[in-house]
Amino acid sequence: MSRFGKHSFGRLLRSESSAPVDGVDPAEGKAMLKWLGLGCAVLAASIAAGMAVTTMSLRECVLLAAVAILAVTVGLLLKRHQGFHRTLAAERRQLRTAVDNIPQGLVLYDASARIVVCNQPYLDMFGLSQDIAKQGCTMQRLIAHRQETGSFDGDVDAFCSAIIRNVRLGKATRQITEAPGGRAIEIVNKPLPSGGWVATIEDITPRKRAEEKIAHLAHYDALTDLPNRVLFREQLEQALKDMKPGAQLAVLYIDIDEFKSVNDALGHPVGDELLKGVARRLRGCLGEADIAARLGGDEFAIIQHAVQDAADAERLVEAIYEAIREPLECAGHLITTDASIGIAVAPGDGRHLDQLLKNADLALYGAKGDGRRTWRFFEPGMDARAKARRTLESELRQAIADGGFEVYYQPVVDLGDNRVRGAEALLRWRHSQRGTIAPSDFIPVAEDTGLINELGQFVLETACREAANWPQHVRIAVNVSPVQFRNPTLALSVAAALAAAGIAPSRLELEITEAVLMRDDEAALATLHQLRALGVRIALDDFGTGYSSLSYLHRFPFDKIKIDRSFVKHIGDEGASSAIIQAVVNIAKASNMTTTAEGVEQEWQRELLRELGCTEMQGYLFSPPVSAVEIARLMPDARDKAASAA
């Protein structure tokens, strides 16, 4: 009994851990404790029975006491052993729950490359079976199972051997693999000091996609998804490096005309839709190797490869114009747009990136300077013209700040009674060094830069204030630029100018061109109706020189049509001028509109206009544009002056 107690008790103590210790399983140790307790109880009972029938010696009493103490000790050990295993089982369950609920997959391998722990997220990532991917499964079998389920397509043995070799060398490994559904999975194998290693497996698809998106945004325009300025420069630089001797490529700079006006009048969402529409149409014009980019704002660029001669670039430009001039549906608005285009061809216009881009920009600048809606190839003299234009812009800003402008007035005379019916306000800039600068030189610059809004407001307020001193029947006519017309507060500005001057709205006549109506009929018509509601008269200027759409006259009842001086100049020739003037006069009469002929310089021109039924005239025959003081002098004796001129 003593021999049994000695060996079994030590074995029991060693078996207190949850895992086998010294070859003793926890369940075996528990059974041994039970048998030991039972033996002690039987022994105690036997001794007690003996004591009941005989008288015990001292030795027997001591032995009985020892057995009793041993029985109590065994009982306590048994209870402690059971409590320990219950705690250990609970901790195991908690650990398993925690491992299965971490977002990453986890596999713990022992030194022999067998699974110790494999959590549920790992199984779910690759669609693996719990019957295979479990404790004791070898790494080779696990990876082979992945191959069977379609989440691994490499050489199983080579893959496993490489990882095991690195682990034994103490090297961590990291790889990204593709799981079913196109997901990106990152696997990190980290050696453990005690042997074996832990593999963490993470689905990095969202992170990888975010990184790809960031990388994409770094090189592509977020609105149009075209390459941005950074990528465009990289692609052009590479294209220039790859050019073979004798080869050419063209760079086109494209600027959308009056885009700012669309933004101001209709809002940025409409402007964004317009830019996206232009981008789509530009893509449709490109050859297979060509590249389109958005450089920012309303500026686009194209790299045209395989250019044989200038005609190739011209054909591309024609395709671009044909595409973008078709009306675009933008957030409920039908918008017709146009563009200015500058072209530089390498290597003739530059062999290096910055030189080529500079020359393309200068060509674009030249197209804008020639009235927009056109294109220009780079020419050596463009640099000097661009500098002159920039100088003019700077001086224009300074002149506005210094009040360097004044308003002149050209009388408008009734062809029926030769009375002055009104006067047209004309802006004049007298430069301190250059003298008088023609409006045709500085007005386009003012429109390009937006300075036309300040200049237009100055003319409107000055003209209304001056007209307050004229006879009540004399009207004042003020030109409104298409850029001004896109300003949604134009009607408010007009109302404020009339109120400040104290003149009746019917005495103000606003002259607009067809360009106002070409961009967005609905927005333009809305502004026209706002002005009409104020009581202001509206005249259509230069009718017949542009697109001359009769639908403009049908959609909005103008008060007057102005006949351009180009028709008046040739009114007596055998061309079509007289017929055109007659047609305009007839259209005006049918719609209860008046007509004013511009540029009348000869008496016979006036007589022919009168015969054709024209209502009014203005020109040097009666008076050139004059200052405010001189126009006031013309008012009292306007009838006499007109009669004498006749």
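The model shown is predicted, which means the values in this text are computed figures rather than measured ones.

> For this particular structure, what's the right way to read the nonpolar core?
The tendency in soluble globular proteins is for nonpolar side chains to be buried side by side. Counting 77 residues, the largest nonpolar core has Ile476, Leu508 and Leu510 as its most contacted members. Ranked by the residues each element gives to this core, the list is headed by helix H15 (residues 452-467), at seven residues. Sequence-distant contacts of leucine 510, defined by excluding residues within four places in its chain, comprise Leu460, Val478, Val480, Val494, Leu531, Val536, Arg537, Ile538 and Ala539. Counting 35 residues, the second-largest nonpolar core is a separate cluster that includes Val270, Val307, Val317 and Ile335.

> Just to check I follow, could you spell out the sheet that holds strand E6 (residues 249-256) for this structure?
Paired through their backbone hydrogen bonds, the strands of a sheet run either parallel or antiparallel. Here five strands make up an open sheet; going across it, the order is E7-E8-E6-E11-E12 and the pairing mixed. Each edge of the open sheet carries a strand with a single partner, namely strand E7 (291-296) and strand E12 (375-377). Within this sheet the neighbouring strands show an average axis-to-axis angle of 20°, counted without direction. Here E7 pairs with strand E8 (residues 299-304) via five bridges, running antiparallel. Bridge pairing in E8 links alanine 292 to isoleucine 302. Lying on the sheet, helix H10 (residues 268-285) is in contact with E6, E7 and E8; it crosses E8 at an angle near 10°.

> Sorry, what's going on with the sheet that holds strand E1 (residues 105-109) here?
Reading across from one edge, E2-E1-E5-E4-E3 is the order of the five strands in this open sheet, with antiparallel pairing throughout. This sheet does not close on itself; its edge strands, each paired only once, are strand E2 (115-118) and strand E3 (173-179). When strand polarity is set aside, the average angle formed by the axes of neighbouring strands in this sheet is 20°. Where E1 and strand E5 (residues 197-203) come together, five bridges link them in antiparallel fashion.

> Any chance you could explain the side chain of glutamine 484 here in plain terms?
Considering the arrangement of structural elements, one finds glutamine 484 in helix H16 (residues 482-485). Non-local contacts of glutamine 484, meaning those with residues more than four positions away in its chain, are made with Ile452, Asn453, Gly456, Gln457, Asn479 and Leu490.

> Got a minute to help me understand the packing of H15 against helix H17 (residues 490-501) in this structure?
A pair of packed helices can be characterised by two numbers: the angle between their axes and the separation between those axes. Relative orientation of the contacting elements H15 and H17 amounts to 30°, with a least axis distance of 8 Å. Considered as vectors, H15 and H17 are oriented roughly parallel to each other. Both H15 and H17 take part in a crossing whose hand is right-handed. The residues of H17 that touch H15, namely those facing Gln457, Leu460, Glu461, Cys464 and Arg465, are Ser493, Val494, Ala497, Leu498 and Ala501. Looking at the contact of H15 with H17 residue by residue, the classes come out as six nonpolar, two polar and two charged.

> What exactly am I supposed to notice about the pattern of salt bridges here?
Should their charged atoms come close, side chains of opposite charge can pair. Within the structure shown, the criterion is met by 33 salt bridges. Arginine 315 is paired through a salt bridge with aspartate 312; the nearest N and O atoms lie 2.3 Å apart. Linking arginine 315 with aspartate 312, this pair stays in helix H11 (residues 310-324), spanning three residues, or about one helical turn. Aspartate 312 sits in the buried class, given a relative accessible area of 16%.

> Would you mind going over the pairing of strand E4 (residues 183-191) with me for this structure?
Walk down a regular strand and you will see the side chains alternate between the two sheet faces. In this sheet, E4 lies alongside E3 in antiparallel orientation, the contact comprising seven bridges. Note that in E4 the partner of alanine 179 across the bridge is arginine 183. In this sheet, E5 lies alongside E4 in antiparallel orientation, the contact comprising seven bridges. Among the inter-strand pairings, asparagine 189 is bridged to a residue of E5, identified as alanine 199. Connecting E4 to the next strand, E5, in antiparallel fashion are five residues, including glycine 195 with a positive phi near 105°.

The rules behind these values
- Residues numbered from 1 in each chain as written.
- Predicted model: local features only at pLDDT ≥ 70, side-chain atom pairs only at ≥ 80, totals over all residues.
- Heavy atoms only, no water.
- Core = buried A, V, L, I, M, F, W, Y, C linked by side-chain atoms within 4.5 Å.
- Buried < 20%, exposed > 50% of the residue type's maximum accessible area, 1.4 Å probe, protein only.
- Helix = DSSP H or I, 4+ residues; strand = E, 2+ residues; numbered from the N terminus.
- Contact = heavy atoms within 4.5 Å.
- Pairing = 2+ DSSP bridges.
- Axes fitted to C-alpha atoms, helices over the stretch in contact; angles between N-to-C directions.
- Parallel < 35°, antiparallel > 145°, perpendicular 65-115°, else oblique.
- Left-handed = near helix turned anticlockwise from the far one by under 90°.
- Nonpolar A, V, L, I, M, F, W, Y, C, P; charged D, E, K, R; others polar.
- Salt bridge = Lys/Arg side-chain N within 4 Å of Asp/Glu carboxyl O.

The quantities given are spatial measurements derived from coordinates; they are silent on function.
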